[in-house]
Amino acid sequence: MTARISLAQARRIALAAQGLAKERPTGLVTARQVGRTFDRIRLLQIDSVNVLVRAHYLPFYSRLGGYDVDILHRLAGKPPRRMIEYWAHEASYIKPEDFADLRQWQRRRWVGASGMDPDLVRDLSDRILDALASSRGLTARAVADRIGHEETRAKTDWGWNWNAVKRVLEALFEQGLVSAAARTPQFERLYTLTDRVLPAPHDAGHRPHPEEAMLRLIEAAARAHGIGTVKCFADYFRVPVRAAAGAVRALEADGTLERVAVDGWNSEVYLHADAARPRQATGRALLSPFDSLVFERQRVERLFDFRYRIEIYTPAAKRTYGYYVLPFLLGDRLCARVDLKADRPAGRLVVRSAHSEDDAPAGTAAELAAELAAMAEWLELDSVVVESKGDLAAGLAREVAKRAQGTKTVPGTSLT
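Residues numbered from 1 in each chain as written. Predicted model: local features only at pLDDT ≥ 70, side-chain atom pairs only at ≥ 80, totals over all residues. Heavy atoms only, no water.

Per an unreviewed UniProt entry, the chain goes by Winged helix DNA-binding domain-containing protein and derives from Arthrobacter sulfonylureivorans.

A word on the packing of helix H9 (residues 210-225) against helix H10 (residues 230-237)
Where H9 meets H10, the closest approach of the two axes is 9 Å, and the angle between their N-to-C directions is 105°. Taken together, the axes of H9 and H10 lie roughly perpendicular to each other. Contacts between H9 and H10 pair Leu 217, Ile 218, Ala 220, Ala 221, Ala 222, Ala 224 and His 225 from the former with Cys 232, Phe 233, Ala 234, Tyr 236 and Phe 237 from the latter. Partitioned by chemical class, the residues of the contact of H9 with H10 number eleven nonpolar, one polar and no charged. (Axes fitted to C-alpha atoms, helices over the stretch in contact; angles between N-to-C directions. Helix = DSSP H or I, 4+ residues; strand = E, 2+ residues; numbered from the N terminus. Parallel < 35°, antiparallel > 145°, perpendicular 65-115°, else oblique. Contact = heavy atoms within 4.5 Å. Nonpolar A, V, L, I, M, F, W, Y, C, P; charged D, E, K, R; others polar.)

Regarding the layout of surface pockets
Reported here for the second largest pocket is a volume of approximately 600 Å³. Taken together, 30 residues form the lining of the second largest pocket, with Ala 16, Gln 18, Gly 19, Leu 20 and Arg 40 sitting closest to its centre. Residue assignment for the lining of the second largest pocket shows that the elements contributing at least two residues are helix H1 (7-17), helix H2 (31-41), helix H3 (58-64) and H9. Considering every element that reaches the lining of the second largest pocket, the biggest residue donor is H2, with five residues. Considering only residue class, the lining of the second largest pocket consists of 13 nonpolar, seven polar and ten charged. (1 Å grid on protein atoms, 1.4 Å probe; cavity = no way out; pocket = protein on both sides within 12 Å on 5 of 7 lines; lining within 4 Å. Points joined across faces, edges and corners; volume = space filled by probe spheres on them.)

What to know about the sheet that holds strand E4 (residues 91-94)
Pairing is antiparallel in the open sheet, where three strands are placed in the order E2-E4-E3. Both outer strands of the open sheet, strand E2 (43-45) and strand E3 (84-87), are each paired with one neighbouring strand and no more. On average, each strand axis in the sheet is inclined to that of its neighbour by 35°, with strand direction left out of account. Sheet topology places E2 next to E4; three bridges connect them, and they run antiparallel. The partner of Gln 45 across the bridge, within E4, is Ser 92. (Pairing = 2+ DSSP bridges.)

A word on the packing of aromatic side chains
In total, this model carries nine aromatic pairs according to the counting rule given. Pairing Phe 60 with Tyr 67 gives two aromatic rings, centres 5.8 Å apart and planes at 85°, and the pair type is edge-to-face. Residues Phe 60 and Tyr 67 agree in their burial class; the two are buried. Measuring from centroid to centroid gives 5.1 Å for Tyr 86 and Phe 99, while their planes differ by 70°, and the two rings are edge-to-face. Here the residue Tyr 86 occupies a position in strand E3, and Phe 99 occupies one in helix H5 (residues 96-105), the gap between them amounting to 13 residues. The exposure class assigned to Phe 99 is buried, which follows from its relative accessible area of 3%. (Phe/Tyr/Trp six-rings, centres within 6.5 Å; stacked < 30°, edge-to-face > 60°. Buried < 20%, exposed > 50% of the residue type's maximum accessible area, 1.4 Å probe, protein only.)

Remarks on the pattern of salt bridges
Counted by the stated rule, this structure contains 30 salt bridges. Two residues, Glu 85 and Arg 189, come together in a salt bridge whose shortest N-O distance is 2.8 Å. With Glu 85 in strand E3 and Arg 189 in strand E6 (residues 189-193), the pair connects residues that are 104 residues apart, well separated along the chain. Accessibility expressed as a relative area gives 9% for Arg 189, which makes it buried. The residue Arg 277 makes a salt bridge to Glu 258 at a minimum N-O spacing of 4.0 Å. In this pair, Arg 277 sits in the loop between strand E9 (269-272) and strand E10 (284-286) while Glu 258 sits in strand E8 (residues 257-262), placing the two residues 19 residues apart along the sequence. According to the relative accessible area criterion, Arg 277 is partly exposed, its value standing at 46%. Bridged by salt links that share partners, the residues Glu 85, Lys 166, Glu 170, Arg 183 and Arg 189 form one connected network. (Salt bridge = Lys/Arg side-chain N within 4 Å of Asp/Glu carboxyl O.)

Details of H1
The buried count for H1 comes to nine of eleven residues, which makes it a mostly enclosed element. Within the sequence span of H1, burial applies to Gln 9, Ala 10, Arg 11, Arg 12, Ile 13, Ala 14, Leu 15, Ala 16 and Ala 17. Just past H1, the residue Gly 19 takes up positive phi, approximately 75°.

Some points on the confidence of the model for the chain
On average, residues of the chain score 93 in pLDDT, and 95% of them are at 70 or above. Scored below 50 in pLDDT, residues 409-416 makes 29 contacts in the model with residues more than four places away or belonging to other chains. (pLDDT = per-residue confidence, 0-100.)

Overview of empty space enclosed by the protein
Considering all chains together, one arrives at two cavities of 30 Å³ or more under this definition. Put simply, the largest cavity is a space of about 40 Å³. Lining the largest cavity we find Gly 19, Leu 20, Lys 22, Arg 24, Ser 62, Arg 63, Gly 283, Arg 284, Ala 285 and Leu 329. For the lining of the largest cavity, the elements supplying multiple residues, two or more each, are H3 and E10. By residue class, the composition of the lining of the largest cavity is three nonpolar, three polar and four charged. Its volume calculated, the second largest cavity comes out at about 30 Å³. If you go around the second largest cavity, the residues you meet are Pro 289, Tyr 308, Arg 309, Ile 310, Glu 311, Gly 322, Tyr 323, Tyr 324 and Val 325. Taken together, the residues of the lining of the second largest cavity break down into six nonpolar, one polar and two charged.

Now the structure itself:
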């Protein structure tokens, strides 16, 4: 008989798999803790938006608390690398052992040289690879200078107004021939040959069997999710659903996955054999819009009854919650959301809006105020300022003010 799991238990399983079911550790966060957390979640989606902090810095903070982001830079930028850049859910840091498998299944050619003259692409590819073979990591601009490429670009050109060298570099990146040695302070990739980035024993030219690669990717996604549907697992690394379904069937047959029924879910659901089943969830965290717990929006709605859409590209007048909105996790519920901005010149963490969910517990404002204070400290901001938008704003402002008075925080924590 198919085992039945309550929705609350499914939430706890998902949170445990993502490292969010328990309170964060206290004390200094070590590189080993960061590495173990990355081993658990398998990827970090990269995003350039810096209104609060780069999105890929937040998942480690959500799970571990205040940590030194230079740890991430070392893991990604110094050999032997524990993480490298490639396409996964979107542009992501991934584990080196997942690179060959992802390379077999990622098809993101629209980001590169699609539509360019094939002869120009071949010529530029050869010259770029030669330049990278004889240099350290280079930005796209430095590559263009190195090979002597100049062009005039139309302002209306697609692809973020990329020139031909940048587009070919991204095509080579998608093909797995080129990778990122690191990032500049301006967030530009420093391109290099992939075989210089992959640590031994991984081989940049290795091509695994596609079905075997898919099995490994879906097993990793199912482990990172704990519980989910075929679509959940396929979306984790953005692989084709039909091929993912075949891998799920194989993993069910060998006992890695168990088919279960979850209250309120109409789709077939699978539980990973190693998934923890905690009796309670006691974590508390603000989550990046690109956190791996929430980036599959339909899954979030099914698990948490929390409809979440990012509104960065929505005109300001049409936004419901704000520009850069973070869900607030308390226990096993996503009970609120806040639109945050780091006002670095003024040293303030600004809450531009704060909204609670219908079933938010009575202590949500106080817990959120504590979480905002912790985040401000991590970001080296002196104060938290709550603006007036949202049903939770007034209560949150009172709790923030209480904390400021109790800890003699720099003034500026009242409702504005």
